[in-house]
Amino acid sequence: MTITRRNILLGAAAGALAAPFIRPDTARAADFSYKIANNQPMEHPSNIRLTEAVARILEESSGAVDIQIFPSNQLGADTDVLGQLRSGGVEFFQLSPVILSTLVPNASISGIGYAFTDYDAVWQAMDGELGAYARGQIENAGLVVMDKIWDNGFRQTTSSTKPIVTPADLEGFKIRVPVSPLWTSLYAAFGSAPASINFAEVYTALQTGIVDGQENPLAIMKVAKMWEVQPPGLSMTSHMWDGFWLLGNRRAWNALPEDMQQIVAKNFNASADQQRADVMALNATLKGELESEGFVFNDVDPKLFEDKLREAGFYAQWKDTYGEDAWAILETAIGRNLA
Ligand code: X2X
């Protein structure tokens, strides 16, 4: 470009325009611009509380740590984003322990069918020895994990064909499951035909009839508008409690000065506590709302489903897979024997 009077004038004008927008020192460009990904839309309590957490982190770090949220699998399906987290393409990621088991095999132990009878048992275990065990496994695999797991909820079953009332109704049932050996094995034990599909493709899979059902906590049924593609049956099977570990890339985490790590961890963990309260409340109160959207609820006797799993050798098989030590931690945490 040749320098002409016109160019000089344009440059000067641009400079004059830009000047008022120069940020004051406190709002300097962030030293650490990081991304956090998950599979939930912004309306899910995970992202509502995460939005608050990243705002507090930005403020308390005086603008140094700026974490941007990528909801709804915007960066890819869960199993792809797990790869990006390992390579550092994304710095933070919220993921179900059961899907995480594709990288950290024993991480799925908290998702064993019917391990937890209620939320009290869940938080006691996950904030106690069982959670500590899982986090140890995750750290050994080279990832960072925050202390507090976020809630997904107790999983329920939807069906567009027959009502699911007894375990026998699951025989031959084409059901979508998240990508994980534990999920596939659970439905194999029921004699179903499980199809491993990432959450990013679930809505379409239901819409096109690739599967006849899926299972998720009520809060997910709501934010994913499952009634649009999956009426009418909703069975309260409560077959698995699921959560989201907040994971970090090790290199990105180590790059943060210690005081910044503390700010990040403190705020993520505080938001986890609030998110747990939100999701528990939703899972307890959404029934009426989902009914008015068209779901017909079936009450089931969860004991029949648990017995069926035991009969099929599900618990014995997973005790063997996780090993005696891990299994003992699980059974101590829940205060009863499963296998
Ligand atoms: O994929 C699912 O079904 C979901 C949203 O519950 C999980 O993240 C495991």
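Before reading on, note that the structure itself is shown above.
For the structure given in this document, a descriptive report is provided here. (Residues numbered from 1 in each chain as written. Predicted model: local features only at pLDDT ≥ 70, side-chain atom pairs only at ≥ 80, totals over all residues. Heavy atoms only, no water.)

1. Focus on empty space enclosed by the protein
Our working definition: In the cavity and pocket records, a cavity denotes points on a 1 Å grid over the protein atoms alone where a 1.4 Å probe fits but cannot get out, a pocket denotes an open set with protein on both sides within 12 Å along at least 5 of 7 lines, and lining residues are residues with an atom within 4 Å of a point. Grid points are joined across faces, edges and corners, and a volume is the space filled by probe spheres set on the points. Here the nonpolar group is Ala, Val, Leu, Ile, Met, Phe, Trp, Tyr, Cys and Pro; Asp, Glu, Lys and Arg are the charged ones; every other residue, Gly included, is treated as polar.
In the structure shown here, the tally under the stated rule is 2 cavities of 30 Å³ or more. In terms of lining residues, the largest cavity is bounded by 16 residues, among which Asn 39, Ile 99, Asn 152, Arg 155 and Asn 216 are the most central. Of the residues in the lining of the largest cavity, the class split is 7 nonpolar, 5 polar and 4 charged. The computed volume of the second largest cavity comes to approximately 30 Å³. Lining the second largest cavity we find Thr 157, Ile 164, Leu 170, Tyr 187, Phe 190, Thr 237, His 239 and Phe 305.

2. Quick look at the nonpolar core
We count it as follows: What makes a nonpolar core is a set of buried Ala, Val, Leu, Ile, Met, Phe, Trp, Tyr and Cys residues whose side-chain atoms join them at distances within 4.5 Å. Buried residues are those whose accessible area, probed at 1.4 Å on protein chains only, stays under 20% of the maximum for their type, while exposed residues exceed 50% and partly exposed ones sit between those limits. Pairs of residues are marked as contacts when any of their non-hydrogen atoms sit within 4.5 Å.
Of all hydrophobic cores here, the largest spans 60 residues; its most connected members are Leu 100, Ile 112, Phe 116, Trp 241, Trp 245, Phe 314 and Leu 330. Excluding residues that lie within four positions of it along the chain, Phe 116 makes contacts with Ser 110, Ala 121, Val 122, Ala 125, Met 126, Leu 130, Phe 154, Trp 241 and Ile 334. With 26 residues, the next largest nonpolar core counts Phe 32, Ala 64, Leu 256 and Ala 272 among its residues.

3. Considerations on helix H5 (residues 119–126)
Put simply, the rule is: We count a stretch as a helix when DSSP gives it H or I for four or more residues in a row; a strand needs E for two or more, and each element gets its number in order from the N terminus.
Among the 8 residues in H5, 6 count as buried, and that is most of the element. Of the positions making up H5, those classed as buried are Tyr 119, Ala 121, Val 122, Trp 123, Ala 125 and Met 126. Of the surrounding elements, those touching the buried residues of H5 are helix H6 (129–140), strand E5 (150–154), strand E11 (241–249), helix H11 (258–285) and helix H15 (324–334).

4. Digging into the site of the ligand
Using the following cut-off: Any residue with a heavy atom positioned within 4 Å of a molecule or strand is treated as near that molecule or strand. Whenever two N or O atoms come within 3.5 Å, that pair is a polar contact, provided that in protein one can donate a hydrogen and the other can accept it, and provided that, for residues adjacent in sequence, both atoms are side-chain atoms. Accessibility throughout is a Shrake-Rupley quantity obtained with a 1.4 Å probe, and a residue counts as covered only by protein chains that appear here.
The ligand sits among 14 residues. The nearest are Asn 39, Asn 152, Arg 155, Arg 176 and Asn 216. A distance of 3.0 Å separates an oxygen atom of the ligand from a polar side-chain atom of Asn 152. Within the side chain of Asn 216, a nitrogen or oxygen atom sits 2.5 Å from an oxygen atom of the ligand. Calculation on the ligand without its partners gives an accessible area of 270 Å², and the protein chains cover 100% of this total.

5. A short note on the side chain of Thr 237
Following the sequence through the fold, Thr 237 ends up in the loop between strand E10 (233–235) and E11. Within the structure, Thr 237 has its side chain in polar contact with the side chain of His 239 (distance 2.8 Å). When sequence neighbours within four positions are dropped, the list of residues in contact with Thr 237 reads Tyr 114, Arg 155, Gln 156, Thr 157, Val 300, Pro 302 and Phe 305.

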